[in-house]
Amino acid sequence: MTENKRQLFIGVNEESFQSDKINRVIQNLKAQFEITFFQDDNRRIRRGKAKTYEQDNPADVFLFLPLTGEELSKLANGLMDTTKLKTASDVMAQNRPVVIAIFTEDALSLNGNNLMKLMVTKNIYFVPFYQDDPINHPNRLVADFDRVFDTILYALKGKQIQPIIIAREKGD
């Protein structure tokens, strides 16, 4: 008898699969979840025309792996013009969690207000993040990809893993 796995939808970018770190995260998640990937082809969708998941197979959780600055802005301001964003919105509408693994160059500048908007939004949970290079990239924030799985487990219980903002030693 096989155990029923939870459904995990993952919104990915083309570059996601080129990252060894992200590939390790995905391999670890496959042991615990039934995964469906959502990747945009950079074409915008028209209202009501987004291809999303089947209603008889809803997601238990949606994971942005990673969430870019552009997606951060659109999600925070309700602009659901891509398949990933529309699917995440549909998951939230079912009162299920959306987990964000952020990776953006502008989180501490123009996108700061959007980051804060999402941090206080119901059913949105953040993988702990840090400034990976404060001298050369002072506005960049990066998720700690080693904490994705734990963040998902917390989110499924309706809790935000703590701390959200973490310190990283140089070389980590």
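Shown above is the structure to which this text applies.
## Topic: the overall build of the protein chain
The helix and strand inventory of the protein chain stands at five helices and seven strands. When the elements of the protein chain are put in sequence order from the N terminus, they spell out β-α-β-β-α-α-β-α-β-β-β-α. Here the protein chain holds 172 residues, and 44% of them are scored as buried. Long-range contacts, defined as pairs at least 24 residues apart, comprise 76% of the intrachain contacts of the protein chain with a sequence gap of at least 6. As displayed, the protein chain has an accessible area near 9900 Å², and 47% of this comes from carbon and sulfur atoms.

## Details of helix α5 (residues 148-156)
When α5 is considered as a whole, its buried residues turn out to be Val148, Thr151, Ile152 and Ala155. Looking down the long axis of α5, one finds its buried residues gathered within 100° of arc, a one-sided arrangement. Packed against the buried residues of α5 are β1 (6-12), α1 (20-30), β2 (33-39), β3 (61-67), β4 (98-104) and β5 (124-126). Phi turns positive one or two residues past the end of α5, at Gly158, with a value near 80°.

## Looking at the nonpolar core
By size, the foremost hydrophobic cluster in this structure holds 24 residues, and its most contacted members are Leu8, Leu29, Leu63, Leu65, Phe145, Val148 and Ile152. Every element with two or more residues in this core is listed here: β1, α1, β2, β3, β4, β7 (141-143) and α5. The leading source of residues in this core is α1, at four residues. Non-local contacts of Leu29, meaning those with residues more than four positions away in its chain, are made with Leu8, Ile10, Ile35, Leu63, Val148, Phe149 and Ile152. Ranked by size, the runner-up nonpolar core spans 23 residues in total, among them Phe9, Phe38, Phe62 and Ile102.

## Considering the side chain of Ser16
Among the structural elements, Ser16 can be located in the loop between β1 and α1. A relative accessible area of 1% places Ser16 in the buried class. Separated by 2.9 Å, the side chain of Ser16 and the backbone oxygen of Leu65 make a polar contact.

## Digging into the packing of aromatic side chains
Inspection of the entire model under this criterion finds six aromatic pairs. An angle of 50° between the planes, with centres 5.1 Å apart, marks the rings of Phe9 and Phe38 as tilted. In this pair, Phe9 is assigned in strand β1 and Phe38 in strand β2, connecting sequence segments 29 residues apart. One exposure class covers both Phe9 and Phe38, and it is buried. Geometrically, the ring pair formed by Phe38 and Phe62 is tilted, given 6.4 Å between the ring centres and 40° between the ring planes. You can see Phe38 sitting in strand β2 and its partner Phe62 sitting in strand β3, a full 24 residues away along the chain. You can call Phe38 buried: its relative accessible area is 8%. Through a chain of ring-to-ring contacts, the aromatic side chains of Phe9, Phe38, Phe62 and Phe64 assemble into a single cluster.

## A few points about the environment of Leu153
Mapped onto the fold, Leu153 is located in helix α5. Sequence spacing of Leu153 and Val61 is 92 residues, and the spatial spacing of their C-alpha atoms is 9.7 Å.

## Observations concerning the pattern of salt bridges
As enumerated under the stated definition, the model contains seven salt bridges in all. Among the salt bridges present, the one from Asp60 reaches Arg96, with a minimum N-O distance of 3.3 Å. Here Asp60 is found in the loop between β2 and β3, whereas its partner Arg96 is found in the loop between α3 (83-93) and β4, with 36 residues between them in sequence. Since its relative accessible area comes to 25%, Arg96 is described here as partly exposed. Its salt-bridge partner being Glu105, residue Arg140 comes within 2.9 Å of it at the nearest N-O pair. Of this pair, Arg140 sits in the loop between β6 (129-130) and β7 while Glu105 sits in the loop between β4 and α4 (112-119), and the two are 35 residues apart along the sequence. Judged by its relative accessible area of 41%, Glu105 is partly exposed.

Definitions and cut-offs
Residues numbered from 1 in each chain as written. Predicted model: local features only at pLDDT ≥ 70, side-chain atom pairs only at ≥ 80, totals over all residues. Heavy atoms only, no water. Helix = DSSP H or I, 4+ residues; strand = E, 2+ residues; numbered from the N terminus. Buried < 20%, exposed > 50% of the residue type's maximum accessible area, 1.4 Å probe, protein only. Contact = heavy atoms within 4.5 Å. Areas by Shrake-Rupley, 256 points an atom, 1.4 Å probe, with all protein chains shown as cover. Arc of directions from axis to C-beta. Core = buried A, V, L, I, M, F, W, Y, C linked by side-chain atoms within 4.5 Å. Polar contact = N/O pair within 3.5 Å; in protein donor to acceptor, adjacent residues only side chain to side chain. Phe/Tyr/Trp six-rings, centres within 6.5 Å; stacked < 30°, edge-to-face > 60°. Salt bridge = Lys/Arg side-chain N within 4 Å of Asp/Glu carboxyl O.

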